[in-house]
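Spelled out from the first residue to the last, the chains are:
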Amino acid sequence: MPDAEVCAYGLEVEGKWSHLLLDGTKAEETRRYSLPDHAPNLIGRRIWLMATNGEPGVPSLGNRVPAAHPGATLVGWVTFSGVIRYTDRAAWAAAEPRHLVPDDDGPYGWKDDGVGKFGWIVNERCKLSAPVPLPAARRQNNSIFRLECTDAELDEMVGATEMRIANETG
């Protein structure tokens, strides 16, 4: 596995949210924790979206994910330019046009528990023309995974997949 500074990283995201992030409709990814900014710093770094179709608000993947796991695919990547911390319901509700999460959305909405919410500001995005099987991955922090390959290796895998699809359809 590549070391932490060169390996690729992934983010477990439900399929519907990943598509909204990649088409630019959703400008903030929201979580109950901040995007790690150390060991390694993920601000400004490419993070691959690992689209899942599980139960809302419940992780679909285990701590170790084998390559080509059927429960998720890579659908694109994003970079985040920073993090906004929401400490009150009014600020969270006012930002809904950016994060698209209604105040009362069960697993994703505001909770009056003193923790607050974090909005990860999307900077760049790249949607793949077709989903790509996951490389092997290991949970690093909450829904962030360390992928057992580099971004360059993923770029090659994506290119090969897109070429195969073009040959099949052309």
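One can find the structure itself at the top, above this paragraph.
Residues numbered from 1 in each chain as written. Predicted model: local features only at pLDDT ≥ 70, side-chain atom pairs only at ≥ 80, totals over all residues. Heavy atoms only, no water.

Per the secondary structure count, the protein includes four helices and eight strands. Reading the protein from its N end, one meets helices and strands in the order β-α-β-β-β-β-α-α-β-β-β-α. Since a compact globule built from 170 residues should have a radius of gyration of about 15 Å, the 16 Å found for the protein is in line with a globular shape. Taken over the C-alpha atoms alone, the protein extends approximately 50 × 35 × 25 Å along its principal axes. Here the protein, with 170 residues, has 45% of them falling under the buried criterion. (Helix = DSSP H or I, 4+ residues; strand = E, 2+ residues; numbered from the N terminus. Rg over C-alpha atoms; globule rule 2.2 N^0.38 Å. Buried < 20%, exposed > 50% of the residue type's maximum accessible area, 1.4 Å probe, protein only.)

Look at any regular strand and the pattern is simple: side chains alternate between the two faces of the sheet. Summarising the sheet, strand S3 (residues 47-52) and strand S5 (residues 72-86) pair through six bridges and their orientation is antiparallel. Across the sheet, Leu49 pairs through a bridge with Gly76, a residue of S5. Sheet analysis places S5 next to strand S6 (residues 117-133), joined by 12 bridges and oriented antiparallel. Considered in S6, the bridge of Tyr86 is made with Lys117. (Pairing = 2+ DSSP bridges.)

A few words now on the pairing of S6. Pairing of strand S2 (residues 28-31) with S6 involves four bridges; the strand directions are antiparallel. Bridge assignment links Glu28 to a residue of S6, and that residue is Ile121.

Take the pattern of salt bridges next. A complete count under the given rule lists eight salt bridges for this structure. Arg139 serves as the salt-bridge partner of Glu12, at 3.5 Å between the closest nitrogen and oxygen. Of the two residues, Glu12 sits in strand S1 (residues 7-14) while Arg139 sits in strand S7 (residues 137-141), which places them 127 residues apart along the sequence. As a salt-bridge pair, Asp113 and Arg32 come within 2.4 Å of each other at their nearest N and O atoms. In this pair, Asp113 sits in the loop between helix H3 (96-99) and S6 while Arg32 sits in the loop between S2 and S3, placing the two residues 81 residues apart along the sequence. In this structure, a network of salt bridges that share partners links the residues Lys26, Glu29 and Arg31. (Salt bridge = Lys/Arg side-chain N within 4 Å of Asp/Glu carboxyl O.)

Along the chain, Arg138 turns up in strand S7. For the pair formed by Arg138 and Leu100, sequence separation is 38 residues and the distance between their alpha carbons is 29 Å.

For Glu29, the position within the fold is in strand S2. Overall, the relative accessible area of 5% leaves Glu29 in the buried class. Within the structure, Glu29 has its side chain in polar contact with the side chain of Arg31 (distance 2.7 Å). Ignoring anything within four residues of it in the chain, the contact list for Glu29 reads Leu11, Val13, Leu21, Phe80, Phe118, Gly119 and Trp120. (Polar contact = N/O pair within 3.5 Å; in protein donor to acceptor, adjacent residues only side chain to side chain. Contact = heavy atoms within 4.5 Å.)

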